[in-house]
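# Topology and contacts: notes
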Amino acid sequence: MADKEINIRFNYNGRFQKSTYVGGQTFVVTRVEVDLFSYTVLMEYVRDYLRYTEVGGVYMSKGKAGWELLTDDKDLIGLLEACKDGEEIEFFVDTIVDKEIEPMTQMQPHVVVRPRKNIIGGIHIHIH
């Protein structure tokens, strides 16, 4: 049986609101093998395809509950297990970098992440 493949849609250069993302651009990476996808690969895509070496974070939408900051493979496991072959998964990149914020300690060296404490009122950020 063939490995499960998904498409990854990046939304970037837009504005985070309480439960929506407004404006910006999109970029889709197609036919990504789920078994080979990880947080490190996600950040390599941000660097290689979107050309960012420093971001405010990569988020998943939690609908009305706001946004979840992705920080490691554990944040992706449930999402990847639940997806079907050929499905598209959306990620939202905060391209605004606040130099006053200390970078996150991270294992991957590809992209510096400086998550803003509160992108907009009401956004809940989950950090491990």
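These remarks concern the structure in this document.

Reading the values: the criteria
- Residues numbered from 1 in each chain as written.
- Predicted model: local features only at pLDDT ≥ 70, side-chain atom pairs only at ≥ 80, totals over all residues.
- Heavy atoms only, no water.
- Salt bridge = Lys/Arg side-chain N within 4 Å of Asp/Glu carboxyl O.
- Helix = DSSP H or I, 4+ residues; strand = E, 2+ residues; numbered from the N terminus.
- Buried < 20%, exposed > 50% of the residue type's maximum accessible area, 1.4 Å probe, protein only.
- Polar contact = N/O pair within 3.5 Å; in protein donor to acceptor, adjacent residues only side chain to side chain.
- Core = buried A, V, L, I, M, F, W, Y, C linked by side-chain atoms within 4.5 Å.
- Contact = heavy atoms within 4.5 Å.
- Arc of directions from axis to C-beta.
- Pairing = 2+ DSSP bridges.

### Focus on the pattern of salt bridges
- According to the stated counting rule, one finds seven salt bridges in the structure shown.
- Glu54 is paired through a salt bridge with Arg114; the nearest N and O atoms lie 2.4 Å apart. Within this pair, whereas Glu54 is found in strand β5 (residues 54–55), its partner Arg114 is found in the segment after β9 (112–113), the two being separated by 60 residues in sequence. Across this residue pair, the class does not change: Glu54 and Arg114 are buried.
- Residues joined by salt bridges that share partners form a network here, namely Glu54, Lys99 and Arg114.

### Some remarks on the environment of Arg114
- Residue Arg114 is classed as buried on the basis of its relative accessible area, which comes to 13%.
- When the C-alpha positions of Arg114 and Asp94 are compared, they lie 9.5 Å apart, and in sequence the two are 20 residues distant.

### Considerations on the side chain of Glu68
- Structurally, Glu68 is set in strand β7 (residues 67–69).
- By relative accessible area, Glu68 is classed as buried at 11%.
- Of the polar contacts made by the side chain of Glu68, one reaches the side chain of Lys62; its length is 3.1 Å.

### Points about the nonpolar core
- Core analysis: the biggest nonpolar cluster contains 35 residues, and Phe10, Phe37 and Phe91 have the highest contact counts within it.
- For this core, the leading source of residues is helix α1 (residues 39–48), giving six residues.
- Excluding its chain neighbours within four sequence positions, the residues that come into contact with Phe91 are Ile8, Arg9, Phe10, Asn11, Phe37, Leu42, Val58, Tyr59, Met60, Leu70, Leu76 and Leu79.

### Description of helix α2 (residues 74–82)
- Turning to α2, its buried residues number three or more, namely Asp75, Leu76 and Leu80. The arc that holds every buried residue of α2, seen down its axis, measures 105 degrees, which confines them to one face. Facing away from the buried surface of α2 by more than 90 degrees, the exposed residues are Lys74, Glu81 and Ala82.
- Contacts from the buried residues of α2 go to β1 (5–12), α1, β6 (57–61), β7 and β8 (88–94).

### A closer look at the pairing of β8
- The buried fraction of β8 amounts to five of the seven residues, a majority that puts the element mostly inside the structure.
- Here β1 runs beside β8; their pairing, made up of six bridges, is parallel. Its bridge partner being in β8, Arg9 is matched across the sheet by Glu90.
- Here β6 pairs with β8 via three bridges, running antiparallel. In the sheet register, Tyr59 faces β8, and the bridge partner there is Phe92.

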